Each structure stands twice: as structure tokens, then as C-alpha cells.
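Secondary and tertiary structure notes
Listed below are the residues making up each chain.
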Amino acid sequence: MTLFRGYRRMAPAGLLLLAVLAGCASPKYQAPVEDRSASRTGTHAPAEAPKPVAPVEAKPGTYIVKPGDTLMRIALETGQAWRDLVKWNNLDNPNVIEVGQVLRVIPPGTEPGVASAKPLASGKVETKPLDSGKPASAASTAVSAGSAAASASAAPAPAPAKDADDDISWGWPAGGPVIGGFDESRSKGLSIGGKAGDPVYAAADGRVVYAGNTLRGYGNLIIVKHNANYLSAYAHNQTLLVKEDQTVRKGQKIAEMGASDSDKVQLHFEIRKQGKPLDPAKLLPPR
């Protein structure tokens, strides 16, 4: 009890001394803290930028689908029938093609970019003996050589062979005036004016490979394939009078003029060779 009373008497001073000693004994710095967030998230090393992917180039005879493409537009741009593209590429659904998909746009077994070689007409060379057994004089030899050279230089150069597919007899597809000319960057054909219901004619013999309105910007459209190289297109019609796979003759009425997908009544007419637009005014006969 005596000790306890003594402790109570010295408690204020003792407690103060203990507090001072505790303050002196406490460390004057904090332990370092290691930040592990960077190592956990992997942000301590900059991520490598993705390497650019080189664009895939289409091989001859193929086409790589781009954003916004439809099979119908690809057929028009490559000069083929869309049903042929379906067959050549074993497509289950012609309305489903994917960006980056590679399509065959020439018939199987066809060598792309190789023109068919056509043999030139071979002329038979005949050798005839001299009329006289006497040796020819130097003067006559010189005259003969000169005349031979003159005849050789005067002979016209052979004309280049014309592709049979180019031999098409074109006719005007409508009787109205031309209200818009050909411009490859803006208008890939001629615009021919008229009234709603005016007749539209096939410009040459051929087979209808498309009749419908799924190609944006063309309205009610007819496409006629004339041979392996050429096709013609008739757009903005009011009424279509032919069906796909139907054979048509030059001058046959195939549609009635209209303003489908257009701001005015007109016929937009195109001629394409292997998908490349040509100026129809250079192929159609003068009026």
C-alpha cells in the first residue's frame, strides 16, 4: 500500500518523464513504401505500337471486297453477270459478302491478262528461175534491187487484228436529246431526256443479266451482256419489260423511261468493256 501511495504521489511527474522518453525513442522517419501498382498493371514499359498491315492487292482475275460493295456493283465494275460470280465463287447467299473477301471475276480455267493469239495469214513464197540463162548485168541487177526496195517501202503496213468482240452494231437506246455527256469521274454514261413512259430500246443484241433496283443510284435498272467483253446499262426506268436471262435483239423495247432514283425523267445509258466505262457517243451511230 505504501508503494502504491508513493506511486500515486509521483504519477504526474513520472508520466511526463515517460512521455518524453517515448517521444525520443520513436523513429524520426517512415519506412519506404514500394509502389507496386506499375508492376501489377504492366505500365512500367511502353506498349509497342501495332505494326501497319500492308494492304492486300488483288491478283489478276480477282476482286477484293471493299466496304459498301454489293455483288451487283462488283458485277457491273468487272463486266460480269452477278449470277456468274455466284457460281464461280460458290456463294450460298449472294447478299452476304464480307469486306476483304477475295472473289473470282473471270471464268475458271481462264488465264487472266493473256490475249488469245490469232495466227497471221501466211503468204506462200514462190521461187522462179530466171527467164534467160545469160548472167544478169550489173545495171539490171541494180534496177531490180531498186524496184524491189521501192515496192517493199510502198507496201502498206498490215492493219492490227480486230477483236471479234469489238464488232458490235450499236443503236441509240432512246429517241430523246442528250442532256448529259460522258465524264468518267462524275457520269459514266450519257443522259438522254424524254417523257415518262417513252420507250427504251436494247442498243445491241444480247442477254439480260440484271433487271431490278438493288443497285443504289440507278433506280430500275437493266443490264444487257453482249459478249465476253461488252455490256450496256439502262437506268432510272419507270417500268421494266424484260427479265433476267432473256435474250433481246437490237431495237427491242425493253423498258419505259422514268425518274426512279433520279430528280427528273431521263435514261442513263452506259457501255462498258470488261467493266471499264466507255463514252457511248463514240460508239453510237450519228443521228
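Residues numbered from 1 in each chain as written. Predicted model: local features only at pLDDT ≥ 70, side-chain atom pairs only at ≥ 80, totals over all residues. Heavy atoms only, no water.

1. A word on unusual backbone geometry
- Its identity as a non-glycine residue notwithstanding, Asn90 has a phi of 50°, on the positive side.
- Located in the positive-phi region is Asp245, a residue other than glycine, with phi close to 75°.

2. Side note on the pairing of strand β8 (residues 230-240)
- Judged by how many residues are buried, β8 sits mostly within the fold: eight of eleven residues are covered.
- In the sheet, strand β7 (residues 220-225) pairs with β8 via five bridges, with the strands oriented antiparallel. When the bridges of β8 are listed, Ile223 appears paired with Ala233.
- The loop that links β7 with its antiparallel partner β8 comprises four residues.
- As paired elements, β8 and strand β11 (residues 266-273) share six bridges and run antiparallel to each other. Bridge assignment links Ala235 to a residue of β11, and that residue is His268.
- For β8 and strand β10 (residues 253-257), the ladder comprises three bridges, and the chain directions are antiparallel. In the sheet register, Asn237 faces β10, and the bridge partner there is Met257. (Buried < 20%, exposed > 50% of the residue type's maximum accessible area, 1.4 Å probe, protein only. Helix = DSSP H or I, 4+ residues; strand = E, 2+ residues; numbered from the N terminus. Pairing = 2+ DSSP bridges.)

3. Focus on the packing of aromatic side chains
- Overall, the coordinates contain two aromatic pairs when judged by the stated rule.
- When the centroid spacing of 6.1 Å and the interplanar angle of 65° are considered together, the rings of Trp170 and Tyr230 count as edge-to-face. Remark: Tyr230 occurs in strand β8 and Trp170 occurs in the loop between α5 (138-154) and β3 (178-180); sequence separation between them is 60 residues. Taken as a pair, Trp170 and Tyr230 share a single burial class, namely buried.
- An angle of 50° between the planes, with centres 5.3 Å apart, marks the rings of Tyr234 and Phe269 as tilted. One end of the pair, Tyr234, is in strand β8; the other, Phe269, is in strand β11, and 35 residues separate them in sequence. The same class applies to Tyr234 and to Phe269, which are both buried.
- Cation over ring: Arg287 sits above Trp172, and NZ or CZ is 3.8 Å from the ring centre. (Phe/Tyr/Trp six-rings, centres within 6.5 Å; stacked < 30°, edge-to-face > 60°. Lys NZ or Arg CZ within 6 Å of the ring centre and 35° of its normal.)

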